[in-house]
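# Remarks on the overall topology
One-letter residues, chain by chain:
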Amino acid sequence: MDLGFFPTLTFENRKRNAKELAEIALVIRRDIINSLVLAKSGHSGGPLGISDFMASLFFGGYMKYNPQDATWAERDRFVFSAGHYCPVQYSCLARAGYFPVEELATLRKFGSRLQGHPGREVKLPGIETSSGSLGQGISIAVGMAISDNLIDKNNRKVFAVTGDGELQEGSCWEAAMSAAQFKLDNLCWIVDNNDCQIDGRVRDVMSIYPIAQKFEAFGFDAITIDGHNFEQIFEALDMFVSNHANKIRKPTVIILQTKMGRGVSFMEDNYEWHGKPPTPAEAEIALEQLI
Amino acid sequence: MKIEPLKLLGSKPTRHGFGEGLVALGEENENVVVLGADITGSVLTSFFQNRFPERFFSIGIAEQNATTIAVGLALSGKIPFFSSYSAFAAFRNADQMRISVCYNEANVKIGGGHSGITVGPDGATHQSLEEISFLRSLPNMTLIVPCDYHEAKKATIAAGRMTGPVYIRFGRSAVPMFTTEETPFEIGKAQIFREGSDIAIIACGLMVWQALLAAEELEKRKGISARVINLATIKPIDVETVTLAARQCGVIVTAEEHQIFGGMGSAVAEVVVKNCPVPMEFIGIPDRFGESGEPDELLEKLGLTWREIYNGCLTALKRKKSEFSSFRRPTDLTFENKEV
């Protein structure tokens, strides 16, 4: 595989095995490093940590979408409530063919459609909503799921990712309450549990544990998995797909236990890499490791 | 154009116009959905709920969630209306309004009920007096403050028919009803309710009727010809009508049931200063919180009656003649002339 600077390859969305997805995740991680080093600001840790899951979701045949028709009426929708994770979403969208891969080089730059946090105003294909102020995207996803399940009564799914620190925002629990109340079995809420936030460990800054039990108490079907183990990712996504198909009348939450900065030795599990980009020298080391 | 004098036709709360407007919208468009936040019988989204139960969603006492769920519905092609008291529908959810509603240009409509001091006995916590300042600073937002029941109904229907975020501010108490079903209404268009050339009174909400009373007294007692403009849409503001008022009348008094700082009067002043600077006076809440009491007692105490408008007009007219000759302390919110 060509691993040059933003190689122009795109990937189809189909059933794949762990090895194939691991290779795609590697491309995504390289995109994250490359776009962040050019941007000279942005978030490295979270996006690298969730790359394995994102590769599976976008390129493992779990989500229905059409890059040639971004607003296709039958598409499943994906919302990054943790908007600061957008470098990984931008990479997935580009690699799916929503927009040219070269555009990843414009992240956070003047005039770019790749805003520092996703903005619907700039009309980047594949971005369903602006997000960035934490705890809002997940409620938007609940609204989308209500529209699909209770009004249009169609077969679409909604996927939404929050961080774990994001769960400190009270509005997340308002969203959880309503997702259960409306029996949104078409909603898959993903919590990226890397236990890191800007000020330190989530458990020290303000604990949100136990996560799964909280969601279960709210009325969710919860599963906690190793977010770097593809077999477990498949199991969790299969569980949601089956929950949706069987109309279990409960929302699903997947708690991904991940390592922030996964794949880059000096970033891994280090909360200091929450909100900073690599220097060119650091990026060089990172890219050597991401092969 | 000859303007027919407006007559008092009775009194009715503007929230009834909102509630009935929602039902009318629901009849004409099946994409209209309504979100409730527990006080549906107060803001009268209950009318819609009773008529279209399958298109009504109760979100509970969670205004942040309700606002953002509305965004998710709007991004799915629905036309969601969310309503609560303005105290919660404009402030508790302020971040959601800014990022999720306005930055997204989401087709979300917010009904801010029980606004202003006329919510009465509930006291300062529930008397929202600041939302115009906040909401008119949000890009993409359309902000409407209807003057009576009929206008509230028309504004609600017009909001549902346009695309983009809209906030409609209405009240709890019965207020004078003086427009009719036939009175024209258009979002973004101010209306001249009384012609006049010596001074222009620009008002919104329940202060429009007080402005008409003040204009009548000015004519009766002083022979002053006052133009009365109903500025129902505060954003986008009708620059043409406001500028014309400044140019033709040479002096302006604004009146609103809201803080003076940042409110409708400030919006008018932005237009006037830029296009045709003339002396202005501002009738509104003088930088304080409200308190418990009956609506009329509070309007009296806080200076929101035709008398303050009348006195404000005399003060402003004096300044018109002296052309800014006397220096006034910038924070002075009182009037030199107090005749009534």
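Residues numbered from 1 in each chain as written. Chains lettered and ligands numbered in written order. Predicted model: local features only at pLDDT ≥ 70, side-chain atom pairs only at ≥ 80, totals over all residues.

## A closer look at the overall build of chain A
Per the secondary structure count, chain A includes 9 helices and 7 strands. Rg of the C-alpha trace for chain A: 18 Å, near the compact-globule value of 19 Å for 291 residues, within the 12% margin. Principal axes of the C-alpha set define a box for chain A whose edges measure 50 × 45 × 35 Å. Split into buried and exposed, the 291 residues of chain A put 54% on the buried side. If you take every contact in chain A between residues at least 6 apart in sequence, the share linking residues at least 24 apart comes to 75%. (Helix = DSSP H or I, 4+ residues; strand = E, 2+ residues; numbered from the N terminus. Rg over C-alpha atoms; globule rule 2.2 N^0.38 Å. Buried ≥ 20, exposed ≤ 12 C-beta atoms within 10 Å, placed from the backbone. Contact = placed C-beta atoms within 7 Å.)

## Points about the overall build of chain B
Regarding its fold elements, chain B presents 13 helices and 14 strands. Computed over its C-alpha atoms, the radius of gyration of chain B comes to 19 Å, within 12% of the 20 Å expected for a compact globule of 340 residues. Here the contacts in chain B between residues at least 6 apart in sequence split such that 79% fall between residues at least 24 apart.

## Some points on the domain arrangement of chain B
Residues and elements named next belong to chain B. Assigned domains within chain B: domain 1 (12-175) and domain 2 (191-322). Counting residues at the interface gives 25 residues for domain 1, matched by 29 residues for domain 2. Contributions of two or more residues to the side of domain 1 that touches domain 2 are made by α7 (131-135), β6 (142-144) and α8 (149-161). In terms of residues, the side of domain 1 that touches domain 2 owes the most to one element, β6, which gives 3 residues. Class assignment of the residues belonging to the side of domain 1 that touches domain 2 gives a composition of 13 nonpolar, 9 polar and 3 charged. (Domains from an automatic or database assignment. Nonpolar A, V, L, I, M, F, W, Y, C, P; charged D, E, K, R; others polar.)

## Focus: the interface of chain B and chain A
Each side of the interface is counted separately: chain B has 22 residues, and chain A has 23 residues. Take the side of chain B that touches chain A: its biggest share by element is 8 residues, from helix α4 (residues 63-74) of chain B. In the side of chain B that touches chain A, the residues fall into 11 nonpolar, 8 polar and 3 charged.

## A look at the nonpolar core
Residues I201, A211, I252 and C313 of chain B are the most contacted members of the largest nonpolar core, which totals 200 residues. Sort the elements by how many residues they give to this core and helix α1 (residues 18-39) of chain A lands first, with 9 residues. When residues of this core are sorted by domain, at least three fall in each of domain 1 (12-175) and domain 2 (191-322) of chain B. Setting aside its immediate chain neighbours within four residues, I252 of chain B contacts A200, I202, A245, A246, V268, V272, V278 and M280 of chain B. (Core = buried A, V, L, I, M, F, W, Y, C linked by C-beta atoms within 7 Å.)

## Overview of the packing of helix α10 (residues 239-249) of chain B against helix α11 (residues 264-275) of chain B
All names here are of chain B. Remark: α10 packs on α11, axes separated minimally by 9 Å, with the N-to-C direction vectors making an angle of 60°. With respect to each other, α10 and α11 are oriented oblique. Crossing geometry of α10 relative to α11 is assigned as right-handed. Of the residues in α11, those in contact with V239, V242, T243 and A246 of α10 are V268, V271, V272 and N275. A breakdown of the residues in the contact of α10 with α11 according to their chemical character gives 6 nonpolar, 2 polar and no charged. (Axes fitted to C-alpha atoms, helices over the stretch in contact; angles between N-to-C directions. Parallel < 35°, antiparallel > 145°, perpendicular 65-115°, else oblique. Left-handed = near helix turned anticlockwise from the far one by under 90°.)

## Structural notes on the sheet that holds strand β3 (residues 187-193) of chain A
All names here are of chain A. The 5 strands are arranged β1-β2-β3-β7-β6 in an open sheet whose pairing can be described as parallel. Where the open sheet ends on each side, the last strands, each with one partner, are β1 (77-80) and β6 (221-226). Strand-to-strand, the axes of this sheet are offset by a mean angle of 20°, without reference to chain direction. With 4 bridges connecting them, β1 and strand β2 (residues 158-163) associate as parallel partners. Across the sheet, the residue bridging to F80 is V161, located in β2. (Pairing = 2+ DSSP bridges.)

## Here we look at the sheet that holds strand β11 (residues 226-230) of chain B
Backbone-to-backbone hydrogen bonds join strands into a sheet, with any given pair of strands oriented parallel or antiparallel. Residues and elements named next belong to chain B. Ordered in space as β9-β11-β10-β13-β14, the 5 strands form an open sheet in which the pairing is mixed. The open sheet has two edge strands, β9 (191-194) and β14 (280-285), and neither has a second partner. Here the strands of the sheet are splayed against their neighbours by 25° on average, with no regard to which way each runs. Where strand β10 (residues 199-203) and β11 come together, 5 bridges link them in parallel fashion. Note on β11: the bridge partner recorded for I202 is I229. Seen against the sheet, α10 touches β10, β11 and β13 (252-259) and runs at an angle of roughly 155° to β10. In the packing of α11 onto the sheet, the strands contacted are β10, β13 and β14, and the crossing angle to β13 comes to about 145°.

## Regarding the pairing of strand β7 (residues 166-169) of chain B
All names here are of chain B. Here β7 shows two buried faces, one formed by V166 and I168 and the other by Y167 and R169. One ladder, built from 4 bridges, connects strand β5 (residues 109-113) with β7; its direction is parallel. Bridge pairing in β7 places G112 opposite R169. Of the pairings in the sheet, the one linking β6 to β7 comprises 3 bridges and is parallel in character. Within the sheet, the bridge partner assigned to L143 lies in β7 and is Y167. Between the parallel elements β6 and β7, the chain passes through α8 in a crossover that is right-handed. (Right-handed = clockwise from strand over helix to strand, strands pointing away.)

## Structural notes on the packing of helix α4 (residues 137-151) of chain A against α4 of chain B
The relative placement of two packed helices is expressed as an angle between their axes plus a distance between the axes. Orientation of α4 of chain A relative to α4 of chain B, taken along the N-to-C sense of each, is 50°, at an axis distance of 6 Å. Here α4 of chain A lies oblique to α4 of chain B, going by the angle between them. As α4 of chain A runs across α4 of chain B, the sense of the crossing is right-handed. Here S139, I140, A141, V142, G143, M144, I146 and S147 of chain A of α4 of chain A come into contact with α4 of chain B, specifically with N65, T68, I69, A70, V71, G72 and L73 of chain B. Considered class by class, the residues forming the contact of α4 of chain A with α4 of chain B number 9 nonpolar, 6 polar and no charged.

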